[in-house]
Amino acid sequence: MGVIRRAALESQRFYPVRLLAEHACQKLRSKDYVSEILAVHNFVCARTRYMRDPRTVELVQAPYLVVEQIVAGEVPNNDCDDTAALEAALHLSTGCEVRIVTVAFRHMFYNGQRQYSHVFCQAREPRSGAWITCDPVAGTDTDGMLRRVVAAKVWPVA
């Protein structure tokens, strides 16, 4: 999980990441934080597509490189950890507090360690303190996906 958090923290400093977040939020009223979070999320959903990692490799793409692809007019192929890192970097660049959440849908263990199979980003709305789940992989059924979770672990990004 450290790789995803580190990638998001480093990428928030990349100016094109901030510019992309600004572009996603350009038509919103100032200080409409819920709409900013949703606009960034919807922007990511509209401009990336899900694709699994190579069969025996856990590939994590740096968010600033994914942003370069989007700016170039390409549609990046990301799995859940790439998308979580991208959304976290974009939200961090707008001043949001974010966290990464890993979840398990089955009770699977290896050497006594729980095996998590999915990861996503949550952004905190500053006025209410509510955490908003940003998970393009879940599609339109985020609530349905969350109901299937049997275990979760939260990783603050700071």
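Residues numbered from 1 in each chain as written. Predicted model: local features only at pLDDT ≥ 70, side-chain atom pairs only at ≥ 80, totals over all residues. Heavy atoms only, no water.

(A) Fine view of the sheet that holds strand 7 (residues 131-134). Across the sheet, four strands lie side by side as 7-6-3-8; this open sheet has antiparallel pairing. In the strand order of this sheet, the two ends are held by strand 7 and strand 8 (151-157), each with one partner. Each adjacent strand pair in this sheet contributes to an overall mean axis angle of 30°, direction not counted. On the sheet, helix 1 (residues 2-11) packs against strand 3 (97-104), strand 6 (118-124) and strand 8 and is oriented at approximately 35° with respect to strand 8. The sheet strands contacting helix 3 (residues 33-47) are strand 6 and strand 7, and the helix crosses strand 7 at an angle near 10°. (Pairing = 2+ DSSP bridges. Helix = DSSP H or I, 4+ residues; strand = E, 2+ residues; numbered from the N terminus. Axes fitted to C-alpha atoms, helices over the stretch in contact; angles between N-to-C directions. Contact = heavy atoms within 4.5 Å.)

(B) Representation of the packing of helix 1 against helix 5 (residues 80-93) in the model. Close contact between helix 1 and helix 5 brings their axes to 8 Å; oriented N to C, the two are set at 35°. In the packing of helix 1 onto helix 5, the handedness of the crossing is right-handed. On helix 5, the residues touching Ile 4, Ala 8, Leu 9 and Ser 11 of helix 1 are Asp 81, Ala 85, Ala 88, Ala 89 and Leu 92. Split by residue class, the contact of helix 1 with helix 5 holds seven nonpolar, one polar and one charged. (Left-handed = near helix turned anticlockwise from the far one by under 90°. Nonpolar A, V, L, I, M, F, W, Y, C, P; charged D, E, K, R; others polar.)

(C) Representation of the environment of Pro 126 within the structure. The residue Pro 126 is located in the loop between strand 6 and strand 7 in this model. Counting along the chain gives 92 residues from Pro 126 to Val 34, while the straight-line C-alpha distance between them is 8.8 Å.

(D) Spotlight on the nonpolar core. Core analysis: the biggest nonpolar cluster contains 32 residues, and Leu 86, Leu 90, Val 98 and Ile 100 have the highest contact counts within it. Looking at this core, the elements that each hand over two or more residues are helix 1, helix 2 (15-25), helix 3, helix 4 (63-71), helix 5, strand 3, strand 6 and strand 7. For this core, the leading source of residues is helix 5, giving eight residues. If we ignore the near neighbours within four places in the chain, the residues touching Ile 100 are Met 1, Ile 4, Arg 5, Ala 84, Ala 88, Val 119, Phe 120, Cys 121, Lys 153, Val 154, Trp 155 and Val 157. The next biggest cluster of nonpolar side chains, apart from the first, holds five residues, and it includes Val 101, Val 103, Ala 138 and Met 145. (Core = buried A, V, L, I, M, F, W, Y, C linked by side-chain atoms within 4.5 Å. Buried < 20%, exposed > 50% of the residue type's maximum accessible area, 1.4 Å probe, protein only.)

None of the figures reported here should be taken as evidence of function without further support.
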